[in-house]
Amino acid sequence: MLEAKNLTKRYGKHTALNNLNLTIKPGEIFALLGQNGAGKTTTINLFLGFIEPSEGWASIDGVSVVEHPQQIKQYLAYIPETVMLYPNLTGIENLEYFSSLAGFDYSKKELGKLLSTAGLQPQAFEQRLGGYSKGMRQKVGIAIAVAKKAKVLLLDEPTSGLDPKASNEFSEILKTLAAKGTAILMATHDIFRAKEVATRIGIMKEGNLESVLHACDISANELEALYLKTV
Ligand SMILES: Nc1ncnc2c1ncn2[C@@H]1O[C@H](COP(=O)(O)OP(=O)(O)OP(=O)(O)O)[C@@H](O)[C@H]1O
């Protein structure tokens, strides 16, 4: 479970995130929408412990991000817009390396199964990452998250630049992970993808979480209209 309580980040006089109160339960996919500079990445970076809050706190399963940064790293997986992996290693070698860093020792067969579950085609397993498409790299990122048994998945613009098919596959994988109990927070500019994949959607403006909706209560067109009205 992800929790933010009065979470605030200021840079000098500028408030990047203002008094965020948010709980994301296991099995939930929460999509954060908002214009450039709304505070989406700041929110994710506070959960990751990349930056410290000015006020309030962020926690994962009740464990404070600021007080227990090492413990938090075991709980979460992060998929940025471009997943950073080793281009000279193959898909399976990257997965092996990153899961061993997290303390897991998988057999080749288990690693292959993890990559398959993330949607990667078997012929790509032994190919170097340098030749992978963005969608393929995202799948290795997902496989790493599953290999780490991450309770929480943080994603920053994960589908930007993916073609519609890859983006759709990615959404399906997120839904499968959520169904297994992962709590997912995803920052995105893609209103339609947010409506399609998320259980709840938050719209941010100038550091404030202006509204939170259940995806099932609103059509994509209504969401777009509300978004445009809010930002
Ligand atoms: N290191 C920093 N120093 C000063 N201001 C910062 C810093 N990082 C972010 N900001 C400011 O905080 C605000 C929120 O930025 P943030 O990156 O969270 O927005 P965002 O919603 O993720 O935008 P985008 O969609 O462009 O990624 C912006 O006004 C940004 O300029």
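Residues numbered from 1 in each chain as written. Predicted model: local features only at pLDDT ≥ 70, side-chain atom pairs only at ≥ 80, totals over all residues. Heavy atoms only, no water.

A. Examining the overall build of the chain more closely. Across its full length, the chain holds eight helices and ten strands. In terms of overall size, the chain behaves like a compact globule, its C-alpha atoms giving a radius of gyration of 17 Å where 231 residues would be expected to give roughly 17 Å. Referenced to the eigenvectors of the C-alpha coordinate spread, the extents of the chain come out at roughly 50 × 40 × 30 Å. In the chain, which comprises 231 residues, the proportion classed as buried is 49%. (Helix = DSSP H or I, 4+ residues; strand = E, 2+ residues; numbered from the N terminus. Rg over C-alpha atoms; globule rule 2.2 N^0.38 Å. Buried < 20%, exposed > 50% of the residue type's maximum accessible area, 1.4 Å probe, protein only.)

B. Region of the structure containing the nonpolar core. If you look at the biggest cluster of nonpolar residues, it comprises 48 residues, and the most contacted ones within it are Ile142, Leu153 and Leu174. Apart from residues no more than four positions distant in its own chain, leucine 174 is found in contact with Ile29, Ile142, Leu153, Leu155, Ile184, Met186 and Val197. Counting 27 residues, the second-largest nonpolar core is a separate cluster that includes Leu2, Leu20, Ile24 and Ala58. (Core = buried A, V, L, I, M, F, W, Y, C linked by side-chain atoms within 4.5 Å. Contact = heavy atoms within 4.5 Å.)

C. Summary view of the sheet that holds strand S2 (residues 14-24). Read across the sheet, four strands follow the order S2-S1-S4-S5 without closing on themselves; strand pairing throughout is antiparallel. Of all the strands in the sheet, just S2 and strand S5 (63-64) have a single pairing partner and so form its edges. Packing against the sheet, helix H1 (residues 40-48) makes contact with strand S1 (2-11), S2 and strand S4 (55-60), and its axis sits at approximately 115 degrees to S1. (Pairing = 2+ DSSP bridges. Axes fitted to C-alpha atoms, helices over the stretch in contact; angles between N-to-C directions.)

D. Seen up close, the site of the ligand. Taken together, 13 residues are adjacent to the ligand, and Asn36, Gly37, Lys40, Thr41 and Thr42 come closest. Between the ligand and alanine 38, the relevant distance is 3.0 Å, taken from an oxygen atom to a main-chain nitrogen or oxygen of the residue. Between the ligand and threonine 42, the relevant distance is 2.5 Å, taken from an oxygen atom to a side-chain nitrogen or oxygen of the residue. Taken by itself the ligand offers 640 Å² of open surface, and the protein chains cover 61% of this. Contributing elements (two or more residues each) for the shell around the ligand: S2 and H1. (Near = heavy atom within 4 Å. Polar contact = N/O pair within 3.5 Å; in protein donor to acceptor, adjacent residues only side chain to side chain. Areas by Shrake-Rupley, 256 points an atom, 1.4 Å probe, with all protein chains shown as cover.)

E. Representation of the sheet that holds strand S9 (residues 200-205). Strand order in the open sheet formed by six strands is S6-S7-S8-S3-S9-S10, and the pairing between neighbours is mixed. Where the open sheet ends on each side, the last strands, each with one partner, are strand S6 (76-79) and strand S10 (208-214). With strand direction ignored, the average angle separating the axes of adjacent strands in the sheet is 15 degrees. Judged from the four bridges that link them, S6 and strand S7 (residues 152-156) form a sheet pairing that is parallel. Pairing of isoleucine 79 across the sheet is with leucine 155, part of S7. Against the sheet, H1 engages strand S3 (29-34), S6, S7, strand S8 (183-187) and S9, with an angle of about 145 degrees to S7. Each of S6 and S7 is contacted by helix H5 (residues 134-147), which is oriented at about 175 degrees to S6, the strand it contacts most.

F. Inspection of the pattern of salt bridges at higher detail. On inspection of all chains with the given rule, the structure shows nine salt bridges. A single network of salt bridges, built from pairs that share partners, joins Glu172, Lys175, Arg193 and Glu196. (Salt bridge = Lys/Arg side-chain N within 4 Å of Asp/Glu carboxyl O.)

G. Layout of a negative patch on the surface. On the surface, Glu93, Glu96, Asp105, Glu110 and Glu126 cluster together to form a negatively charged patch. Secondary-structure assignment places aspartate 105 in the loop between helix H3 (91-101) and helix H4 (108-117). Here aspartate 105 falls in the exposed class, since its relative accessible area comes to 74%. (Patch = residues over 30% accessible without salt bridge, like charges linked within 9 Å, V, L, I, M, F, W, Y side chains within 5 Å. Lys, Arg positive; Asp, Glu negative; His and termini not counted. Charge placed at Lys NZ, Arg CZ, Asp CG, Glu CD.)

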